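Now for the letters of each chain:
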Amino acid sequence: MNASLQFLFAQGCIFFKQHARALEALEALLREQPGHVRAWRIAGFLYAEKGRHADALVALERALALAPDDAATLFNLGFILQKTGSHEEAIGRLTRAVELNPQLDRAWYGLGISLIYCGRFHEAIERLKEAARLQPLNPYARYQLAAAWFKLGEPEKVRAEYRRLKTFDPKIAAHVRADFGVPKDGDEID
């Protein structure tokens, strides 16, 4: 099977949730064409899904070596570095990803998460605000903003995030209330 068809086959397998077959196809493709950036990137993602983080890092580093300015690869690499607890390294990769693609909301979000883990709460807040701006109905950036404000001892700002969340995701708002001790406004239903 030629490289283009093999890559399409792998993508089809992913679409139909046959990730093991997709990974087999990508590995075969990469043996024949080790310079296929997208195949390395997707293989890295699939390795990570299987919990094979070391393999994921190798695959994503290969993709990055081939295309150093690929924001999607940098994002995926940052995500895997987060999963392995390497938050300082993740910050570097995710920062570069948002420099290359400022519309990559997931990278802004991931950057905020790693900054929180590193105790850099003010920086995290700015990155999470950008993630929330890009995806205004994504409750997770708002939840993490509440977490950062909580760590900074800003209960009114935590409450403001809670109130924003109540308007579009009461379930996550309830988590903010429970996790960070936000008093009820009186209109909640338990």
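The structure under discussion appears in the preceding block.
Residues numbered from 1 in each chain as written. Predicted model: local features only at pLDDT ≥ 70, side-chain atom pairs only at ≥ 80, totals over all residues. Heavy atoms only, no water.

Participant: Which residues make up the overall build of the protein chain, and what values go with them?
Facilitator: In terms of helices and strands, the protein chain carries 11 helices and zero strands. The helix and strand sequence of the protein chain, counted from the amino end, reads α-α-α-α-α-α-α-α-α-α-α. In the protein chain, the share of contacts with a sequence separation of at least 24, taken over all contacts with a separation of at least 6, comes to 42%. Approximately 10,200 Å² of the protein chain is accessible, and the part contributed by carbon and sulfur atoms is 54%. Distance from the positive charge centre (26 side chains) to the negative charge centre (24 side chains) of the protein chain: 2 Å. (Helix = DSSP H or I, 4+ residues; strand = E, 2+ residues; numbered from the N terminus. Contact = heavy atoms within 4.5 Å. Areas by Shrake-Rupley, 256 points an atom, 1.4 Å probe, with all protein chains shown as cover. Lys, Arg positive; Asp, Glu negative; His and termini not counted. Charge placed at Lys NZ, Arg CZ, Asp CG, Glu CD.)

Participant: Could you give me a rundown of the packing of helix α10 (residues 155–168) against helix α11 (residues 170–180), with the residues and numbers involved?
Facilitator: In the contact formed by α10 and α11, the axes pass within 7 Å of each other and the chain directions differ by 155 degrees. Comparing the axis directions of α10 and α11 gives the class roughly antiparallel. In the packing of α10 onto α11, the handedness of the crossing is left-handed. Listed contacts from α11 to Val-158, Tyr-162, Leu-165, Lys-166 and Phe-168 of α10 are Pro-170, Ile-172, Ala-173, Val-176, Arg-177 and Phe-180. Looking at the contact of α10 with α11, its residues break down into nine nonpolar, no polar and two charged. (Axes fitted to C-alpha atoms, helices over the stretch in contact; angles between N-to-C directions. Parallel < 35°, antiparallel > 145°, perpendicular 65-115°, else oblique. Left-handed = near helix turned anticlockwise from the far one by under 90°. Nonpolar A, V, L, I, M, F, W, Y, C, P; charged D, E, K, R; others polar.)

Participant: Could you give an account of the environment of Ile-116, with specific residues and numbers?
Facilitator: In this structure, Ile-116 sits in helix α7 (residues 105–117). Assessed through its relative accessible area of 14%, Ile-116 is described here as buried. The spatial distance from the C-alpha of Ile-116 to the C-alpha of Ala-148 is 6.6 Å, given a sequence separation of 32 residues. Setting aside anything within four residues of it in sequence, one finds Ile-116 in contact with Phe-121, Ala-124, Leu-128, Gln-144 and Ala-148. (Buried < 20%, exposed > 50% of the residue type's maximum accessible area, 1.4 Å probe, protein only.)

Participant: Talk me through the nonpolar core; I want residue IDs and the actual numbers.
Facilitator: Counting 62 residues, the largest nonpolar core has Leu-26, Ala-107, Val-158, Val-176 and Phe-180 as its most contacted members. Per element, the largest residue contribution to this core is eight residues, and it comes from helix α3 (residues 37–49). The contact partners of Phe-180, leaving out residues within four places of it in the chain, are Tyr-143, Ala-146, Ala-147, Phe-150, Val-158 and His-175. (Core = buried A, V, L, I, M, F, W, Y, C linked by side-chain atoms within 4.5 Å.)

Participant: Tell me about the side chain of Arg-41, and please be specific about residues and values.
Facilitator: Along the chain, Arg-41 turns up in helix α3. Ignoring sequence-local partners within four residues, the contact set of Arg-41 consists of Leu-60, Ala-63, Asp-70, Ala-72, Thr-73 and Asn-76.

Participant: Got a sec to walk through unusual backbone geometry? Specific residues and values, please.
Facilitator: Not every positive phi belongs to a glycine, and Lys-17 is a case in point at roughly 60 degrees. Mapped onto the elements, Lys-17 comes out in the loop between α1 (3–15) and α2 (19–32). For Lys-17, a relative accessible area of 67% corresponds to the exposed category.

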